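Analysis of the macromolecular model
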2 protein chains.
Amino acid sequence: MGKTKDTNTLSPEKQRKLRLREERIRLMEYQNRAAEAKLPVLVLVEGWAASGKGSLIGKAIQQLDPRFYRVASLEAVREEDRRKPFLWRYFTEIPENGKFVFMDSGWFTNLAQEILDKKTDRDLPEKHLNSILSFERQLVDNGYLLIKCFLNITREEQTRRQKALLSDPDTAWRVSVSDLEQNHRYREYQEVFNSCIARTDKSYAPWHIIDSSSKKDAELAFLEILNTEIQKALDQRPGTDTPLLKDEFPKLELPLLSDIPLDTCSVTNEDYRSQLKKLQKELRSLHNRLYRKGIPVVIAYEGWDAAGKGGNIKRLSACLDPRGYTVHPIASPLPPEKNRHYLWRFYTRLPRTGHIAIFDRTWYGRVMVERLEGFCSEKDWQRAYLEINEFERDLTDWGAVVIKFWVQIDKDTQLRRFQDRQNTPEKQWKITDEDWRNREKWDLYEVAVNDMLQKTNTAAAPWHILESVDKQYARIKALKIVIAELKKALHD
Amino acid sequence: MGKTKDTNTLSPEKQRKLRLREERIRLMEYQNRAAEAKLPVLVLVEGWAASGKGSLIGKAIQQLDPRFYRVASLEAVREEDRRKPFLWRYFTEIPENGKFVFMDSGWFTNLAQEILDKKTDRDLPEKHLNSILSFERQLVDNGYLLIKCFLNITREEQTRRQKALLSDPDTAWRVSVSDLEQNHRYREYQEVFNSCIARTDKSYAPWHIIDSSSKKDAELAFLEILNTEIQKALDQRPGTDTPLLKDEFPKLELPLLSDIPLDTCSVTNEDYRSQLKKLQKELRSLHNRLYRKGIPVVIAYEGWDAAGKGGNIKRLSACLDPRGYTVHPIASPLPPEKNRHYLWRFYTRLPRTGHIAIFDRTWYGRVMVERLEGFCSEKDWQRAYLEINEFERDLTDWGAVVIKFWVQIDKDTQLRRFQDRQNTPEKQWKITDEDWRNREKWDLYEVAVNDMLQKTNTAAAPWHILESVDKQYARIKALKIVIAELKKALHD
C-alpha cells in the first residue's frame, strides 16, 4: 500500500501516524472515484455504548466533501419511526448513487434490543431478522456498497469511559439509562450481539469487528476497511453477478389475462347508484375504526392505460376522511428517486399507522415499463419479483392491509377510449403519444403482466382483478374488496 | 356565473344542487388553469372543533387531480415540530408552483392556543404574530395565492356535534380533551379567535368566515371562495404590485468592502497551530453544553470564490460531534426547491434544537447571484433584504444563535488562487468556467455584496468579516467568533 522501506525503521507511533495520513489521503481520492463511478456507499457503524462511534465517523468525514456524504444518527427512535414499518427509518436514509451515508447505529442495534427486551410478540425479532437479511441483500444486488462495522470494547473499558463521561455535567447526559443497563448486563448483551452478528454475517455484507480500545488504532482500522472495501467495489463494478434466488413465498393461483371473462361483468345504472352509496357509507365507518386501531393500509392500482384507474380511485377516496388518506400518483422518478434503490420512492410514501396510502401505479413499474423499455437490466427485473414479494411481506408483517388491483380491459376497449379522448376537447390532455406507443406494445406488456401477476400473487398480498370494460362494475367490485379486506383486518 | 334564468323558478334545494355542480366543475377547470399558470395555492382551513374542516376539504379535493394537490393535517403537534422554529411546520408544507395544499388547521390555531394557554413566556404570542404576518405577506409577494377560511359554528351546534361523535365508539376518539375544553370555554375562545382574526385580516390575505352550521351550505360557500380567489389571482398575475416596505430592523455599522484592510491580518504558522488546537478543544466542550441546553445554531458562510470557505468550515467542524452538526453545501436549487418560495430550501435544512447547521453559501444568493444573473426580478431581490431579516429574526426569536460570515479577499488574491488551481492537477476540479465568468463581474458583485452587508447587518444577526488573504488568520478568527457567540448564548 505504497509504504516505503524506510518507515519500518520508525517507531510504532510514527509508523501509525504515517499510515493514518496515507489512509486519509486515500479516502479523499476514493470519494472522488466513487462519485465518478456513481457508487452509493452505506456505512453502518454499530457497537457498544461509549465505544466511540460518533468520534470515529467524525474523523472519517473530515476527509470528505460535504456535498458527498451525510451522517444519519439513528440511535433515538422517534415518534414517526414507531408509526412506520421496521425498515422504514433505514430504507429512507440510503444514499444516492455516488454518495456516502454514515449510520450511527442502525438495524443491528434495533434487532438486538428487541431480542433483549423479550417483547410480548415473540415472532417480532425473527420477522425483523428476515427483513434485515433481504434488505442487505437487495442493497448489494442493486449496486450498493454496504460496509458494516462493530466497535468492540471490553466491559472494563466501557465502565471506565462511562465513569469519565458521568464525571462532567456537560457530558453526563450522553450516558443514558439503557447505556448503564448495557454495562450492567454486559455478558448478556455480548451473547445477543454475537448471535446477531453471526446471523447477519454474509459474504456480500460481512461484519468488520473493530477493536476500539485505542481511538487511534480504531481510526486506522476504520479507514483501512473503508478504503479496501471501496477499492474492491470500484474494481468489480459493474460485473457483480449474483445467482437468481428461488422465491419461496407461497403463491395463489390466478388465471391468465386472456382467460378472464370481461363482457359478463356489468352492472345496471340503478344498481350501481344504490350499491355505490351503501358501500361508500360502509367504507367511511370502517375508515374510522381503522384509524382508531392504528392499522395501516396500502392500496396499489395497476392496469392498462384508459382502464379506469383514476375514476375507480375517486369512488374509493370520496368517502374517506382526507386527513387519513393520500393518493400517490406515480410518474417517472425524479433524480433523487432515480438515483436510489427503486423501492426507495415507495418507502418514502408509506402511510403511517391508521392511514391509507393509495398508489396510482406502483413499484410494479419495475417489472413492466422498466422491463420493457430497458430502464433496468434483465437481471434487475428478474430479481425484482422476489424483492417486491419481500417488500410486501415487510408491509404485512408490520400489520398493514395490502390490496393490489389489476384493472383489466381488452385491446378494443382501450382503442375506443383512446379515440374518445382524442375526439373530446376536455379529455385530450389525458391522451399522449406515449399512450399510443405503449399500445403498440400491448402483446409484450401482456406477457410481462402475466409474469408479474403469477410471480407476485402471494398468499399474504394477492392480486385482485377488476374487470373494467364496465367501469361501474369495477368500482363496485373494488369497494367490495376493500371493505372485505378491512373487515378481515378488524376481525369482523 | 353562467346561471340561466330558469333556475330561479326551482326550489332552493334544487338551486343549491345546481350551483354546487357548477362550482365543482369550475374548480376542476381552475385547477388546470392554475397548473398552467404555475400558480401555487395554499388553502388554510381553520375553525372550531367539529366544525367540519376535514369533510369540507374532502369534498373539495374530489374535484382535483391527485397530482396537483396535497392535504396537510397539522392539528397534532409532533416531537419534531417542537424542536424547530414556530413557522417551520407550515413553511415546509407550502405548495410548489401550480399545485394546491390544503392545511387542516395551521398557524392560526397554534397562535390562538398559545394566547389561551397563557404560556410563561408572555412575549411568545406577540413574536409569533409577527412571524405569521411576515410569512403571509412574503407568500403573497412571492406569487402565492393564500386563501384563509374560518369555519364558524355556535356553541350549541358544537355541543350537539360533539355529543353525536361521542355516542359512537368509532368516532368518539375524534373528540379530544382540548376539544371539550373549547366547548366548555366557548366564549373565551371566541374572543381570542376574533382578536386573532382581526389582527391577521389583511387586504392581501383576508379571512373568509364560513357559516358551517349546514354542511351543504358550507361546501357551496367554500367552493365559491376557492373559485373566486383563484380567478382573481389568475386574472391579476403577474401584475401584482406591492410597494416596497420600509425595513425597521435596527442595524449595526459596517465598513464597505474596499475599506477593510487585509494585509495586516495574518498569523504565524506556529501561532496558528497552537491557537487552533486550543480553540478547537474549547469549541468541542461548548458543543456538548449547547446540545444539552437545546440551543440551535445556524452558521452562514458567504464570500468570494476561492476565499477559503471550505477550509474554514473544515477547521470548525473538525471538533464537532458529527451527530450534532450538518454542513449544507448550497448549489443551484433542484426543481422542487426552484418551484417554491426561495427560503423553502433553507427552512427544510434548519437544525433541530441543540444542533448546528453550517451553510456553505446561503439564502443570500437571492441578493447576489440571483440579482446579478437575473434569476429573479428587481422587485424580488429588493424585497429580499427585509424578507431575509424577517427570516433571521424568526430564527433568533426561536432562540437560535445566528452567525454570518463574509469571507473577504481581494481581486489579486483570487486570481493567484484561480491560477494555482488551474495549474495543480488535484485542484483543477475546484475551478470552472463559471468561476472565471463570475470573476469578470467582480465589480458588480462588490456593489451587491456591499448592499447586502449594509441592509442585513441587523443587531440580532450581524455579519462578521473574515479577512482571508491569510487563510489561517481567517480560520482562527472564525473559531474565536463562534466560541464568543456560543458563550454569550450559554450566558458564560
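Above this text is the structure in question.
My aim in this report is to walk through the structure given alongside it, one point at a time. Keep in mind it's a predicted model, so treat the numbers as computed, not measured. (Residues numbered from 1 in each chain as written. Chains lettered and ligands numbered in written order. Predicted model: local features only at pLDDT ≥ 70, side-chain atom pairs only at ≥ 80, totals over all residues. Heavy atoms only, no water.)

Residues and elements named next belong to chain A. Where helix 13 (residues 309–317) contacts helix 21 (residues 471–489), the axes come no closer than 9 Å and their chain directions differ by 45°. One way to sum up the angle between helix 13 and helix 21 is to call them oblique. You can see that helix 13 and helix 21 cross each other, and the crossing is right-handed. Across from G311, N312, R315 and L316 in helix 13, the residues of helix 21 making contact are A474, R475, A478, L479 and V482. Of the residues belonging to the contact of helix 13 with helix 21, the class tally is 5 nonpolar, 2 polar and 2 charged. (Axes fitted to C-alpha atoms, helices over the stretch in contact; angles between N-to-C directions. Helix = DSSP H or I, 4+ residues; strand = E, 2+ residues; numbered from the N terminus. Parallel < 35°, antiparallel > 145°, perpendicular 65-115°, else oblique. Left-handed = near helix turned anticlockwise from the far one by under 90°. Contact = heavy atoms within 4.5 Å. Nonpolar A, V, L, I, M, F, W, Y, C, P; charged D, E, K, R; others polar.)

For the pair chain B and chain A, the best superposition has an RMSD of 0.0 Å and corresponds to a rotation of 180° with a translation of 0.0 Å parallel to the axis. Expressed as a symmetry operation, the mapping of one chain copy onto the other fits a two-fold axis. Rotation axis and chain B: the residue whose C-alpha lies nearest the axis is E79 of chain B, separated from it by 3.5 Å. Both copies contact each other with a shared surface, as 100% of the interface residues of chain B are interface residues in chain A too. (Least-squares fit on C-alpha atoms with pLDDT ≥ 70 in both.)

Contact with chain B, which involves 38 residues of that partner, is made by 38 residues of chain A. Together chain B and chain A conceal approximately 3,600 Å² of surface at their shared face, both sides included; 50% is due to carbon and sulfur atoms. Our enumeration of links across chain B and chain A arrives at 10 salt bridges. Across the pair R78 of chain B and E80 of chain A runs a salt bridge, and its minimum N-O distance is 3.7 Å. Going through the elements one at a time, helix 2 (53–61), strand 2 (69–73), helix 3 (79–82), helix 8 (169–172), helix 12 (269–293), helix 13 (309–317) and strand 7 (325–329) of chain B are the ones with two or more residues in the side of chain B that touches chain A. Broken down by class, the residue content of the side of chain B that touches chain A amounts to 15 nonpolar, 8 polar and 15 charged. (Buried area = accessible area lost by both parts, 1.4 Å probe. Salt bridge = Lys/Arg side-chain N within 4 Å of Asp/Glu carboxyl O.)

Residue and element names in this part refer to chain A. In space, the 5 strands of this open sheet follow the order 2-3-1-4-5, with parallel pairing throughout. This sheet does not close on itself; its edge strands, each paired only once, are strand 2 (69–73) and strand 5 (207–211). Between one strand and the next, the sheet's axes are offset by a mean angle of 20°, whatever the strand orientation. Relative to strand 3 (residues 100–104), strand 2 runs parallel, the two sharing 5 bridges. If you follow Y69 over to strand 3, its bridge partner there is F100. Helix 11 (residues 215–236) rests against strand 1 (41–47), strand 3, strand 4 (145–152) and strand 5 of the sheet, and its axis sits at about 165° to strand 4. (Pairing = 2+ DSSP bridges.)

Attention now goes to the environment of E392 of chain A. All names here are of chain A. Mapped onto the elements, E392 comes out in helix 17 (residues 378–398). Note: C-alpha distance between E392 and Q472 (80 residues apart in sequence) is 29 Å. In contact with E392, other than residues within four places in its own chain, are W363, Y364, K404, T456, T458 and A461. Within the structure, the side chain of E392 is placed 2.6 Å from the side chain of Y364, a separation counted as a polar contact. (Polar contact = N/O pair within 3.5 Å; in protein donor to acceptor, adjacent residues only side chain to side chain.)

Turning our attention to helix 7 (residues 155–166) of chain A. Count 3.6 residues to each turn of an α-helix, and residues three or four apart come out pointing the same way. Residue and element names in this part refer to chain A. Helix length check: helix 7, at 12 residues, gives a terminal C-alpha distance of 16 Å against a target of 16 Å (1.5 Å per residue), a fit within 8%. Looking at helix 7, one finds that the buried residues are E157, Q158, R161 and Q162. Looking straight down helix 7, one finds its buried side chains confined to an arc of 130°; they lie on one side. Among the exposed residues of helix 7, those pointing more than 90 degrees away from its buried face are E156, R160 and K163. Considering only its buried residues, helix 7 is in contact with helix 9 (177–184), helix 10 (186–200) and helix 11. (Expected span 1.5 Å × (residues − 1). Buried < 20%, exposed > 50% of the residue type's maximum accessible area, 1.4 Å probe, protein only. Arc of directions from axis to C-beta.)

The next point concerns the sheet that holds strand 7 of chain B. Residues and elements named next belong to chain B. With parallel pairing, 5 strands are arranged side by side in an open sheet as 7-8-6-9-10. Of all strands in the sheet, those bounded by a partner on one side alone are strand 7 and strand 10 (463–467). Across the sheet, the mean angle separating the axes of adjacent strands is 20° when strand polarity is ignored.

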